[in-house]
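# An overview of the molecular structure
If you want the building blocks of each chain, they are given just below.
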Amino acid sequence: MNAAKQEIKVKRVSSRKRSRDRFKSDLTPAKKKGGMCLLKYPPNDLYGTTMADTNVVEYCSDSEDFFGGYDSILEDSSVLAKLDYAEQNERQQDVQHAAQDRPGNRQGTNFTSLRLSKDSTLKRACDDVLTDSILEGLQDEPFDYLPATQCEFQEQILENTKRHKHHDGEKTSTPLRDTEKLAEADVESDILHKTKRQRDMPKARRSVADQLKRTMLCNAAAPSSVSRSVVLKEAVVSEEISVAMQAMETVSAETTDLGPFFGLPSKVKDLTYKLKGIKNLYDWQEKCLNLDCVQERKNLIYSLPTSGGKTLVAEILILRELLCRKKDCLFILPYISLVQEKVRGLASFGLELDFMVEEYAGSKGKFPPVKRRSKSSLYVATIEKAHSLVNSLIETNRLDSLGLVVVDELHMLGDGNRGAIIEMTLAKVLYMSKTTQIIGMSATLGNIKDLQMFLRAENYTNDFRPVQLKEYVKLRDTIYEVDPKEEECFKFSRVLNFKYSSSMQKIDPDHIIALVTEVIPTQSCLVFCPTKKNCENVAGMICKYLKEDFLKHKEAEKALLLRELKDSGNGSMCPVLRRTVPYGIGYHHSGLTTEERKLVEEAYSSGVLCLLTCTSTLAAGINLPARRVILRSPYVATDFLKRSQYKQMVGRAGRAGIDTVGESILILQDKERTMAKTLVCAPVENCYSNLLHDDGKGLLSLILSLIGLKVTTSVEQVTDFLSQTLLHVQEKQLCVKKSLWEFAQECVEMLKEKGLITVTTDSQSEALQVTRLGKATFKGSVDLTYSDILYSDLSKGLEGLLLNSYLHLVYLVTPYDMISQCKPEWMIYFRQFTLLSAAEQKMSAAVGVPESFVARKAAGQSVKKNVNMEAVTRMYLALVLFSLLKETNLWNVAEKFQLSRGFIQTLLNSSSAFCSCVLHFTEELEEFWPFKALLMELTRRLSYCVKAELIPLMEVAGVMESRAKQLYNAGYKTLTHLANADPSILARSIENLYKKQASQIVASAKMLLNEKAAALQEEVDDLLMIPLDLPSH
């Protein structure tokens, strides 16, 4: 072959085609992915090099052949090793040659000596007339056998090279081999410039072997945004990888470590194992995280049975948003207890990965949230607080900072007023932000397509359960397996084996004791009961017939639990728990205090309690799985179970990692058999919009907030917004008598009548505007039913505000919706009334509750004078709260007023939340300025209702009063003490505190301390910032 005429043409010579499946999960979807950093990269992925500069071996090894049989010359990895060796020899010779030509230069035969002298490098480049680098080859010689897209890719590589030189100098995002460093940027520029000037000169051609050697040499010296082996192979890169490269170029430069854990740093995987004990994901979780729609950041609804592992997927997506895109996230959960549990669980992730975790529940949360310059924030919020948060972000034009909204229990869209609030929140996000992704976790629904249309989302459904669930029903003494394929729906399984005396048969006709003793005490059991009272009765009945052996099981731990329960009640303890806990049995319902519930839950989770009798609320709340779940009856109170409730309850059966199977047993009477067939075998229920629930209260609130936020200013715009709600999707089913347009017009007229909005007219058009009262109403999240009453009560209160006692303020923040749940005991009312001071009694008379009226009622006399009974009952509830603030002992107050401690706990929680609402309400109305400072302190007192010194400790998520007392007595008196505590020492210092719990408490305290410090720092920065509009002359 004539060397002068020799040409190099790179083409595919492998006879076999590369398998598309090989990179299917990573590269193929990249065609659709655009510029996302959410790609998952296998350890040897070619493009890991552009994102990770810390782990060279894992992401880019120059000796590896990434393309298998794509090119015959690259298929043998030894070729590259030989060329490496040849390259080093070539470089040494060049360096020696340069040194001889210029004796003044420093001598060196080491491979790295090429970089020690700019002059020697320039000399070599100038003297070298055999200009056959890969760069020149790409520019001078067309690739006849390559498609146009790949040729275009080569041009982009050259363009990138120039751009990197110009902007970055010596910087590079490509990992280098340990024995190399890149040449100086000005030297590289000169080499390329010289190479270009020599294009028109006659050139001698080397042999193919020499050509490859020279190619490798120049490639090493030339600046590149990828590694040397990658540059060598760029000519044969397929179109799909070209697209992937373009996608990676758009990734934020701050994202320095996108590891193999679904695009997240490998540290996240280690933390997941360390903090959650999860080493590997389920197959469905991996599949879901790698869905094209997830990578493209489209909205997604995914539906799985209870205990399927839905939450972990959401948490990984949240971490990707926080770390990759540096955007804030909102995690919406249905209950305060779940919010607190999630804040505790994610605080450690936040500390390790440098993001904030903020709690929005009860009275906690700042509106709008603190705007952080350096960190992203995860807002963990209840349904109501999430709505207020989104409103505040819209009002301050910051909604685009919210990258992701995750909704747990999305099927709660069909749940009354709370469902309406979820719909309002999501509709606003969809309407106002085109960049915010929405992820919904839902139970399986019959009309999931309606939700998809509303959220413009894709759906992923899987019936996976980590533990197999077997459903049974019990009729008389026979157990039947639920089998939808059977004609009767039930298939005979076994006859229950039990030996009951006649007296025992009368007490336990449903054989609950026989069913539970098949699993306890070595395994766990949940017994769902229709009412709170039934929970306590069933727990007591089971204990009555258990053997003495049950008392010896974990005896020391149960004694400790009893002591903690007594401490939580300041010396008082529930008589039922006192009797049942020694047998390892407890009960769980809303009649317990928050602290009692937490202690019972922890004891059950750790195995100290082996059985809980509970109401349906436990199934919807914290995750407490069991080996066997028994449904005492197919009723909740007097209502027959819904299929969704049934599925939620039986879904608690089976503990992942412990059980191989979970069992549920529904106890039936003969008359319930037909209805039970529908319950266990019927198709899943549908979910419907609740904006029209309760006479359209949700729709009214929505329209008021839209006008108040200036999202809409006319009926036409309101209707346009409503066309993007779930209500519009289901208009044919729900708007039978009137159209959505008519509903919108009616609501606007009603808001005008209430004085919440007004119409302003200019020369061209009419515009809807919110009034001061309307703005205060939606900013305070006050129920429209009570907004005018609240305004009236606060106005009257200002006329004679009692400041030497909390009673007047407490009355003003007693929730209106609690009035119907309480009936005063008149003798108790009168007794408490007489204990009030003269000023307090005068205040009571001013709000419409004179002493004479209470005295007559207590004496059983009739009262002719018309009195507002709602004000009377509200004052009674205010007296309960007033007593609670004075003595902070819930048990004493419950006994004094003959109310259940659970009711008082609910009253306290509702009052603190409503007090926060009233505070925001008054902030919008100038005439109520005195209330601002007063209500801020009252909100704090009602939120914790403990002695002042314990409040800082109780601000930490999950720390209850008795735990706060333990911490305070052990010397941890402030938030700073707790944040700097050693979890090991803390666990040893505090009785019955496990190391994991201690670590969570310390992490939560650190996060809260960081949050407060960051807020103060932001305030300082704002004060010191030079105004952008500062006059320059």
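Reading the values: rules and limits
Residues numbered from 1 in each chain as written. Predicted model: local features only at pLDDT ≥ 70, side-chain atom pairs only at ≥ 80, totals over all residues. Heavy atoms only, no water. Helix = DSSP H or I, 4+ residues; strand = E, 2+ residues; numbered from the N terminus. Contact = heavy atoms within 4.5 Å. Areas by Shrake-Rupley, 256 points an atom, 1.4 Å probe, with all protein chains shown as cover. Buried < 20%, exposed > 50% of the residue type's maximum accessible area, 1.4 Å probe, protein only. Arc of directions from axis to C-beta. Polar contact = N/O pair within 3.5 Å; in protein donor to acceptor, adjacent residues only side chain to side chain. Disulfide = S-S within 2.5 Å. Expected span 1.5 Å × (residues − 1). Core = buried A, V, L, I, M, F, W, Y, C linked by side-chain atoms within 4.5 Å. Pairing = 2+ DSSP bridges. Axes fitted to C-alpha atoms, helices over the stretch in contact; angles between N-to-C directions. Phe/Tyr/Trp six-rings, centres within 6.5 Å; stacked < 30°, edge-to-face > 60°. Parallel < 35°, antiparallel > 145°, perpendicular 65-115°, else oblique. Left-handed = near helix turned anticlockwise from the far one by under 90°. Nonpolar A, V, L, I, M, F, W, Y, C, P; charged D, E, K, R; others polar. Salt bridge = Lys/Arg side-chain N within 4 Å of Asp/Glu carboxyl O. Right-handed = clockwise from strand over helix to strand, strands pointing away.

## Observations regarding the overall build of the protein
- Along the backbone of the protein there are 49 helices and 19 strands.
- Summarising the internal contacts of the protein: among those between residues at least 6 apart in sequence, 72% fall at separations of at least 24.
- Summing over all exposed atoms, the protein offers an accessible surface of approximately 47300 Å²; the carbon and sulfur share of this is 51%.

## Here we look at helix α42 (residues 890–897)
- Here α42 has its buried residues at L890, W891, V893, A894 and F897. For α42, the buried positions fall inside an angular range of 165 degrees around the axis, keeping them on one side.
- Buried positions along α42 lie against α26 (594–605), α38 (826–834), α41 (869–887) and α43 (901–923).
- Structurally, the start of α42 carries an N-cap: the backbone nitrogen of W891 is 3.1 Å from a side-chain oxygen of N889.

## Brief notes about the state of the cysteines
- The final tally for this structure, using the stated rule, is 1 disulfide.
- The disulfide that involves C489 links it to C681, with 1.7 Å between the sulfurs. In this pair, C489 is assigned in the loop between β9 (478–482) and β10 (490–495) and C681 in helix α29 (residues 673–681), connecting sequence segments 192 residues apart.
- Its relative accessible area of 7% is what places C489 among the buried residues.

## Notes on the side chain of E663
- Its place among the elements puts E663 in strand β17 (residues 661–668).
- Of the polar contacts made by the side chain of E663, one reaches the side chain of R628; its length is 2.8 Å.
- Ignoring sequence-local partners within four residues, the contact set of E663 consists of L469, K470, Y472, R627, R628, V629 and A653.

## Regarding helix α49 (residues 995–1024)
- When the terminal C-alpha atoms of α49 are compared, their 43 Å separation across 30 residues agrees well with the 44 Å that a helix rising 1.5 Å per residue should span.
- Within α49 the residues assigned to the buried category are Q997, A998, I1001, V1002, A1003, S1004, A1005, M1007, L1008 and E1018.
- Packed against the buried residues of α49 are α16 (336–353), β3 (356–360), α26, α46 (961–969), α47 (975–979) and α48 (983–989).

## What to know about the nonpolar core
- Residues L330 and Y829 are the most contacted members of the largest nonpolar core, which totals 125 residues.
- At 12 residues, the largest contribution of residues to this core is made by α41.
- In contact with Y829, other than residues within four places in its own chain, are P824, V849, V854, V872, M875, Y876 and L879.
- The next biggest cluster of nonpolar side chains, apart from the first, holds 122 residues, and it includes L319, C535, I585 and I667.

## What about the sheet that holds strand β11 (residues 525–528)?
- Spatially, 8 strands are ordered β10-β9-β8-β17-β14-β11-β13-β12 in an open sheet, and the strand pairing comes out mixed. Strands with a single pairing partner mark the edges of an open sheet, and in this sheet they are β10 and β12 (585–588). Looking at each pair of strands side by side, their axes are set apart by 25 degrees on average, direction ignored.
- Sheet analysis places strand β8 (residues 468–475) next to β9, joined by 4 bridges and oriented antiparallel.

## Quick notes on the sheet that holds strand β1 (residues 299–303)
- An order of β3-β4-β2-β5-β6-β1-β7 is seen for the 7 strands of this open sheet, with the pairing classed as parallel. Edge positions in the sheet fall to β3 and β7 (457–461), since each of these pairs with one other strand and no more. Pairwise comparison of adjacent strand axes, ignoring direction, gives a mean angle of 15 degrees for this sheet.
- Sheet analysis places β3 next to strand β4 (residues 377–382), joined by 5 bridges and oriented parallel. By the bridge assignment for β4, M356 is matched with S377.
- The strands touched by helix α17 (residues 383–395) within the sheet are β2 (328–333), β3, β4 and β5 (402–407), with β4 carrying the most contacts at an inclination of about 130 degrees.
- Packed on one face of the sheet, helix α19 (residues 448–455) meets β1, β6 (437–442) and β7 and runs near 160 degrees to β1.

## Quick look at the packing of aromatic side chains
- According to the stated counting rule, one finds 18 aromatic pairs in the structure shown.
- Measuring from centroid to centroid gives 5.3 Å for Y635 and F640, while their planes differ by 90 degrees, and the two rings are edge-to-face.
- On the basis of relative accessible area, Y635 is assigned to the partly exposed category, the value being 26%.
- According to the relative accessible area criterion, F640 is partly exposed, its value standing at 22%.
- A centroid spacing of 5.1 Å and a plane angle of 20 degrees characterise the contact between Y786 and Y816, whose relative ring orientation is stacked. Pair noted here: Y786 is in the loop between α35 (772–779) and α36 (787–799) and Y816 is in the loop between α37 (807–812) and α38, with a separation of 30 residues, a long-range link.
- A residue is classified by how much of its surface remains accessible, and Y786, at 24% relative accessible area, is partly exposed.

## Here's the deal with the packing of helix α30 (residues 693–708) against α35
- Look at α30 against α35: their axes get within 9 Å of each other, and the N-to-C directions meet at 115 degrees. Classified by the angle between their axes, α30 and α35 sit roughly perpendicular to one another. Viewed along their axes, α30 and α35 form a crossing whose handedness is left-handed. Note on element contacts: α35 touches α30 through G774, T777 and F778, opposite L704, S705 and G708.
- Residues that form the contact of α30 with α35 fall into these classes: 2 nonpolar, 4 polar and no charged.

## Describing the pairing of β11
- The two faces of β11 match: C525 and V527 on one face and L526 and F528 on the other face are all buried.
- Bridge analysis of β11 against strand β13 (residues 611–614) gives 4 bridges, and the strand direction is parallel. Paired with C525 across the bridge in β13 is L611.
- As defined by bridge partners, β11 adjoins strand β14 (residues 628–631) across 4 bridges and the pair is classed as parallel. Of the residues in β14, the one forming a bridge with L526 is V629.

## So, the pattern of salt bridges
- Under the counting rule described, the total for this entry stands at 39 salt bridges.
- The salt bridge partner of E321 is R325, with a shortest N-O separation of 2.5 Å.
- According to the relative accessible area criterion, E321 is buried, its value standing at 1%.
- In this structure R325 comes out as partly exposed when scored by relative accessible area, which is 25%.
- Among the salt bridges present, the one from R418 reaches E384, with a minimum N-O distance of 3.0 Å.

## Comments concerning the pairing of β6
- Burial runs high along β6: 6 of the 6 residues are buried.
- Because side chains alternate across β6, one face comprises the buried residues Q437, I439 and M441, and the other comprises I438, G440 and S442, equally buried.
- Here β1 runs beside β6; their pairing, made up of 4 bridges, is parallel. Each residue of the ladder has a partner; that of S303, found in β6, is S442.
- Bridge count for β5 against β6 is 4 bridges, and the pairing is parallel. What sits directly across from V406, in β6, is I439.
- Chirality of the crossover, the property in question, places the unit of β5, helix α18 (residues 416–432) and β6 among those that are right-handed.

## What to know about unusual backbone geometry
- At the junction of F367 and P368, the peptide bond is cis and its omega measures out at -10 degrees in the coordinates.
- If you trace the backbone, P368 turns up in the loop between β3 and β4.
- You will see that H511, though not glycine, has its phi angle at about 60 degrees, which is positive.
- Turning to its location among the elements, H511 is positioned in the loop between α20 (502–507) and α21 (512–516).
- With a phi close to 50 degrees, C945 is a non-glycine residue in the positive phi region.
- Positionally, C945 belongs in the loop between α44 (929–944) and α45 (951–954).
- Given a relative accessible area of 8%, C945 falls into the buried group.

## What to know about the side chain of T939
- Tracing the backbone shows T939 in helix α44.
- Judged by relative accessible area, T939 falls into the buried class, the value being 8%.
- At a separation of 2.7 Å, a polar atom in the side chain of T939 contacts the main-chain carbonyl oxygen of L935.

## Comments concerning the packing of helix α24 (residues 555–568) against α26
- It is at 10 Å that the axes of α24 and α26 come closest, and there the two elements cross at 165 degrees. Put simply, α24 runs roughly antiparallel to α26. Like other packed secondary-structure pairs, α24 and α26 cross with a definite hand, here right-handed. Of α26, the residues touching α24 (which contributes L561, E564, L565 and S568) are E595, E596, L599 and A603.

That's the geometry; what it means functionally is another story.
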